[in-house]
Amino acid sequence: MPAVLKFTDVVVVRDQRTILDVPDWSVEESERWVVLGPNGAGKSTLLDLASAQAHPTSGTIEVLGEQLGRTDLFELRPRVGFASTAMSRRIPGNERVLDVVMTASYAVTGRWNEQYDEIDRRRALRVLAEWQLEHLADRTYGTLSDGEQKRTQIARAVMTDPELLLLDEPSASLDLGARENLLRSLSSYAANPDAPAIVMVTHHVEEIPTGVTHALLLRDGAVQAAGTIDETLTDEHLSATFGLPLHVTVADGRYSARATA
Ligand SMILES: Nc1ncnc2c1ncn2[C@@H]1O[C@H](COP(=O)(O)OP(=O)(O)OP(=O)(O)O)[C@@H](O)[C@H]1O
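This structure is a prediction, so every number in the text was calculated from the model and none was measured.

Calculation notes
Position labels on residues start from 1 in each chain and follow its written sequence. In keeping with the model being predicted, local features are shown solely for residues with a pLDDT of at least 70 and side-chain atom pairs are shown and tallied solely at 80 or more, while totals for entire chains, interfaces and linings include all residues. Placing the C-beta atom from the backbone, one calls a residue near a molecule or strand if that atom lies within 6 Å of it. Runs of H or I in DSSP of at least four residues are treated as helices and runs of E of at least two as strands, each being numbered from the N terminus. Basically, the charged four are Asp, Glu, Lys and Arg, the nonpolar ten are Ala, Val, Leu, Ile, Met, Phe, Trp, Tyr, Cys and Pro, and anything else, Gly included, counts as polar. Residues of type Ala, Val, Leu, Ile, Met, Phe, Trp, Tyr and Cys that are buried and joined through C-beta atoms within 7 Å form what is called a nonpolar core. Any residue with 12 or fewer other C-beta atoms within 10 Å of its own C-beta is exposed, any with 20 or more is buried, and the rest are partly exposed; the C-beta atoms used are placed from the backbone. Here, residue contact means that the backbone-derived C-beta atoms of the two residues sit within 7 Å. Paired strands are those between which DSSP finds at least two bridges. As a per-residue measure, pLDDT reflects the predictor's confidence and takes values from 0 up to 100. Between the first and last residue of a helix there are one fewer steps than residues, each counted as 1.5 Å, and that sum is the expected span.

Here's the deal with the site of the ligand
Piece 1. Surveying the vicinity of the ligand reveals the residues Arg14, Asp15, Ile19, Gly37, Asn39, Gly40, Ala41, Gly42, Lys43, Ser44, Thr45 and His203.
Piece 2. With 3 residues, helix H1 (residues 43–50) is the largest single contributor of residues to the shell around the ligand.
Piece 3. Considering only residue class, the shell around the ligand consists of 2 nonpolar, 7 polar and 3 charged.

Quick notes on the nonpolar core
Grouped burial of nonpolar side chains is what soluble globular proteins tend to show.
Piece 1. Trp33, Val35, Val101, Leu164 and Leu166 are the most contacted members of the largest nonpolar core, which has 65 residues in total.
Piece 2. If sequence neighbours within four positions are ignored, Val101 has contacts with Ala124, Val127, Leu128, Thr152, Ala155, Arg156 and Met159.

Examining the pairing of strand S6 (residues 80–83)
Piece 1. Of the two faces of S6, both are covered, the one formed by Val80 and Phe82 as well as the one formed by Gly81 and Ala83.
Piece 2. For S6 and strand S7 (residues 164–168), the ladder comprises 4 bridges, and the chain directions are parallel. When the sheet's bridge partners are listed, Gly81 is paired in S7 with Leu165.

A look at the environment of Val223
Piece 1. Topologically, Val223 is positioned in strand S10 (residues 222–228).
Piece 2. Each C-alpha atom, one on Val223 and one on Ala257, is 20 Å from the other, the two residues being 34 residues apart in sequence.
Piece 3. Sequence-distant contacts of Val223, defined by excluding residues within four places in its chain, comprise Val22, Leu216 and Leu218.

Topic: the confidence of the model for the chain
Piece 1. On average, the chain scores 92 in pLDDT, and the residues at 70 or more come to 95%.
Piece 2. Reported confidence for the predicted complex is 0.97 by ipTM and 0.93 by pTM.

Considering unusual backbone geometry
Piece 1. Positive phi, close to 60°, is recorded for Ala52, a residue that is not glycine.
Piece 2. With respect to the helices and strands, the residue Ala52 is situated in the loop between H1 and strand S4 (58–63).
Piece 3. Judged by local crowding, Ala52 falls into the buried class, with 21 C-beta atoms found within 10 Å.
Piece 4. In this model, Asp220 sits at a positive phi of 50°, which is unusual for a non-glycine residue.

Considerations on helix H6 (residues 146–159)
Piece 1. The terminal C-alpha atoms of H6 lie 20 Å apart, and with 14 residues this matches the ideal 20 Å at 1.5 Å per residue to within 8%.
Piece 2. The element H6 is extensively covered by neighbouring structure, given that 10 of its 14 residues are classed as buried.
Piece 3. When we look at burial in H6, the residues that qualify are Gln149, Lys150, Arg151, Thr152, Gln153, Ile154, Ala155, Arg156, Ala157 and Met159.
Piece 4. At its buried positions, H6 is contacted by S6, helix H3 (85–89), helix H4 (97–102), helix H5 (118–130), S7 and helix H7 (176–191).
Piece 5. Positive phi appears at Asp161, one or two residues downstream of H6, with a value of about 55°.

Thoughts on the pairing of strand S9 (residues 214–219)
Piece 1. Of all 6 residues that make up S9, 5 are buried, and the element is covered over most of its length.
Piece 2. Two strands pair when backbone bridges link them, and strand S3 (residues 32–36) and S9 are joined in this way by 4 bridges, in the parallel orientation. Bridging across to S9, Val34 finds its partner in Ala215.
Piece 3. The pairing of S9 with S10 spans 6 bridges and is classified as antiparallel. Residue pairing across strands places Ala215 opposite Gly227, the latter belonging to S10.
Piece 4. What sits between the antiparallel neighbours S9 and S10 is a turn of 2 residues, in which Asp220 has the positive phi angle 50°.

Below you can see the structure in the form of structure tokens.
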């Protein structure tokens with residue numbers, strides 16, 4: 001079984017500056033990764049590569065066993081679920097929530113003339129129910145709260161039954177209750193052995209759902225540490241990543257961090 005994601009000697013250069021340098025990183029099917037790092041560390045760039053939205057300047061990337069640059073992206077992309085604020089901005093505000101989720105089957109945003117099967121509709125309704133959104137199926141996307149929009153983005157990302165799920169800051173900007181509810185949903189989704197491999201980006205260790213197995217820490221485009229979450233999310237690695245002395249605590253599978261000086 002090949003790795004779900006494999007980066008080898010990957011370098012991304014923009015404006016003559018190296019914004020990402022990942023010599024060796026792979027994600028296996030059963031793994032759930034969190035990618036942490038300060039603003040500008042290269043986290044979104046990493047997800048753009050993993051979702052086959054961008055190519056590296058050098059190095060090789062294999063997504064679901066297919067090497068970028070040697071594969072048909074239109075076949076590959078539907079196999080990868082991707083939820084991010086950038087994707088959210090492409091969703092028309094007047095689109096019905098059910099359609100936002102259903103159009104994922106056709107890799108489009110904004111309903112046009114596609115013919116949808118009853119099977120797509122039933123699946124979309126099931127996915128909406130799984131993410132506690134069924135009561136909002138007929139609402140328009142633009143009228144949803146931030147928390148409801150985040151859930152809808154994730155529902156859309158899982159609609160195609162992806163083999164890899166990428167989440168860019170799924171709980172950013174949510175209030176405490178909405179964040180905790182979303183983290184609970186993500187934890188139970190991740191706990192299902194049939195769930196795909198997950199790579200989730202966040203700025204805050206408090207936003208890591210229970211069940212995450214691995215962590216990749218980035219600073220200025222470079223990997224500070226990567227591996228199992230308990231070996232990676234240490235005081236030493238986190239302090240080096242964020243550039244100040246930090247103390248990490250874990251309680252019931254949830255992490256928190258605070259400055260020590
Ligand atoms: N097309 C581009 N041209 C020039 N610089 C770029 C380009 N895309 C990204 N960058 C720069 O690369 C760096 C990494 O950006 P990226 O968005 O991946 O970081 P990030 O870790 O996701 O940041 P944040 O947490 O603020 O979202 C930043 O300094 C950004 O300004």
